[in-house]
Amino acid sequence: MTLSENQPLIKKPLFNPDGDIDVLDRRMIGGNTTNLNDFNNMKYPWVSSWYRQAMNNFWIPEEINLSQDVKDYPNLSDAERGAYDKILSFLVFLDSLQSANLPNIAEYITANEVNLCLSIQAFQESVHSQSYSYMLDTICDPAKRNEILYQWKTDEHLLARNTFIGDLYNEFQENRDARTFLRVLMANFILEGVYFYSGFMFFYNLARMGKMPGSAQEIRYINRDENTHLWLFRSIILELQKEEPQLFSSENVAMLREMLEEGVRQEIAWGRYVLGDEIPGLTGDMVEGYIKYLGNLRWSSLGFGQLYEDYRTEPADMAWVSQYSNANMVKTDFFEAKSTAYAKSTALVDDL
C-alpha cells in the first residue's frame, strides 16, 4: 500500500489473526502485521546486528565510581559548574521525552522486528535518565538536585531548546498523518544526532582536564547507546525512502533539511550560551565547527549530500572528542576502574 503524505496513519491492532505472514509483505508503516516476534524471519537484515549490539550494550549507572566527582564538583569554576548543571538539566529532559514518545512512534511501525528495537531504545533512555539522577544524587544535595532538574522551567534558553523538539513530538500527537510521522522521525534523528553532542563534548573536555572523570564515563556509556539509536532512526528513514518514495518529494526533503539546519543552529547557539569562552579547552568557535561537521554527517548519511561546504572533515581542534566517544578505541573502563560493558561486545562504528 502506498501512502499519500496527508493520509492518516492507522494504529496497528495488537491482535491481528488476519495479518500477513509472508516476510516480503512486511512494511515499515501501513503494513498488516501479526505482531509476532520471529527472530528467524526478518525483512530488514540490519535489525539482527542492531538488536544484538544493543543487547550487548547493557550497563548499570551505579557501576561507575563517582567518588572523585564528589570532590571535584565544588571546586569547578563558576562557568564549569553552571555549564554542568544546565547541560545535565537539558539531557535529563531529552531522555525523559524520548522514553515517553517512542511508544507513540511504535504504534504505527508495522515491522515487528523494528518495534523490538524501539522497545530496547525506550529501556535504554530510561537507564540514561537513571544515570543522570545517580550523578545528581551523588554530587549534590536534594535541593540543588531539584533546582538542576527543573532549570528548563526558568532558563529561557533551555526552555526554547526543549520546546523545539517537544512541539514536534506534540504535533504528531495531534496530527498522525504520514508527513507528520516523517517529521517526528526526523526530530528523533536530530535529537540523537545533534542535540546531545555539545553536552557530551563538555563532559569529555572536563575529563581531559582531569575533572569529573566518573561523569564523563557515564556519558560515554550513554553516547554509545545514542549512536545505536541514531543508527536505528537513520535506518528507518532509509527504508521509508525505498518503500514510500512519494513521501520524499523535493518539498519534503527541503522541509527535513530545514529541520536539521534549525537543530544545528540551536545546538551552536546553545553551546555558545552555556559554554561561552570561559571553559578551559573549549570555545564557541570550536563548538560551531564541530556541530556543523556533525550536521554534514547526519545529512549525508541519509543520502542528501552536505549542508556546510567548509565542514566536510572533522575539525582538527576537536579530534580528541572521538577518543572519548568512540567505543572501538577502548575495550575496558577508560578511567581504570573495574571491567565494564566495553568488554562485553564488539563496539559499533559511529559512521553516521
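In case you missed it, the structure is sitting above this.
Residues numbered from 1 in each chain as written. Predicted model: local features only at pLDDT ≥ 70, side-chain atom pairs only at ≥ 80, totals over all residues. Heavy atoms only, no water.

**Focus: the packing of helix α10 (residues 250–274) against helix α11 (residues 284–301)**
For clarity, the threshold we go by: The convention used is that axes are lines fitted to C-alpha atoms, helices contributing only their stretch in contact, and that angles between N-to-C directions extend from 0 to 180 degrees. Secondary structure elements follow DSSP: runs of H or I of four or more residues count as helices, runs of E of two or more count as strands, with numbering from the N terminus. An angle below 35 degrees is treated as roughly parallel, one above 145 as roughly antiparallel, one from 65 to 115 as roughly perpendicular, and anything else as oblique. Crossing handedness: left-handed means the near helix sits turned counterclockwise from the far one by under a right angle, and right-handed means the same turn made clockwise. Residue contacts are counted whenever heavy atoms from the two residues lie within 4.5 Å of one another. Think of it as three bins: nonpolar holds Ala, Val, Leu, Ile, Met, Phe, Trp, Tyr, Cys and Pro, charged holds Asp, Glu, Lys and Arg, and polar takes everything else, Gly as well.
Across the interface, α10 lies against α11 with an axial gap of 9 Å and an inter-helix angle of 160°. Regarding the angle of α10 to α11, the classification is roughly antiparallel. Between α10 and α11 lies a crossing whose hand is right-handed. Packed against α10, whose contacting residues are V253, L256, R257, L260, V264, E267, I268, G271 and R272, the element α11 presents G284, D285, V287, E288, I291, K292, G295, R298 and W299 at the interface. Across the contact of α10 with α11, the residue classes tally to eight nonpolar, three polar and seven charged.

**Re the packing of aromatic side chains**
Centre distance and the angle of the planes are the two values used to describe a pair of aromatic rings. Selection rule: Between the rings of Phe, Tyr and Trp (Trp by its six-membered ring), a pair exists once the centres lie within 6.5 Å; its type follows the angle of the planes, with under 30 degrees stacked, over 60 edge-to-face, and the other angles tilted. Residue burial is assigned from relative accessible area. The probe radius is 1.4 Å, only protein chains are included, and a residue is buried under 20% of its type maximum, exposed over 50%, and partly exposed in between.
Scanning the model with the defined rule gives 20 aromatic pairs in all. Here the aromatic rings of F39 and Y51 are separated by 5.2 Å at their centres, their planes lie at 65°, and the arrangement is edge-to-face. Here F39 is found in the segment before α1 (46–56), whereas its partner Y51 is found in helix α1, with 12 residues between them in sequence. Since its relative accessible area comes to 43%, F39 is described here as partly exposed. Taken together, a centroid distance of 4.9 Å and an interplanar angle of 10° make the contact between W59 and Y221 stacked.

**Digging into a nonpolar patch on the surface**
Where we set the bar: Two joining distances apply to patches: 9 Å for like charges and 5 Å for nonpolar side chains (Val, Leu, Ile, Met, Phe, Trp, Tyr), and every residue must have over 30% relative accessible area and no salt bridge. Where accessible areas are quoted, they stem from the Shrake-Rupley method and a 1.4 Å probe; at the residue level, only the protein chains shown are allowed to cover. Every case where a carboxyl oxygen of Asp or Glu lies within 4 Å of a side-chain nitrogen of Lys or Arg is listed as a salt bridge.
On the surface, F58, I60 and F123 cluster together into a nonpolar patch covering about 280 Å² of accessible area. Counting through the fold element by element, F58 comes out in the loop between α1 and α2 (67–72).

**Focus: the packing of α1 against helix α4 (residues 112–139)**
Running from N to C, α1 and α4 point in directions that differ by 20°, and their axes come no closer than 10 Å. The pairing of α1 with α4 is recorded here as roughly parallel in orientation. Between α1 and α4 lies a crossing of left-handed hand. Residues W46, V47, W50, Y51, A54 and M55 of α1 form the contact with α4, whose own contacting residues are E113, V114, L116, C117, I120, Q121 and Q124. Per-class residue counts for the contact of α1 with α4 are 10 nonpolar, two polar and one charged.

**Let's talk about helix α7 (residues 178–195)**
Test applied: Take the number of residues in a helix, subtract one, and multiply by 1.5 Å to get its expected span.
Under the 1.5 Å per step criterion, the end-to-end length of α7 is 24 Å for 18 residues, consistent within 8% with the ideal 26 Å. Among the 18 residues in α7, 17 count as buried, and that is most of the element.

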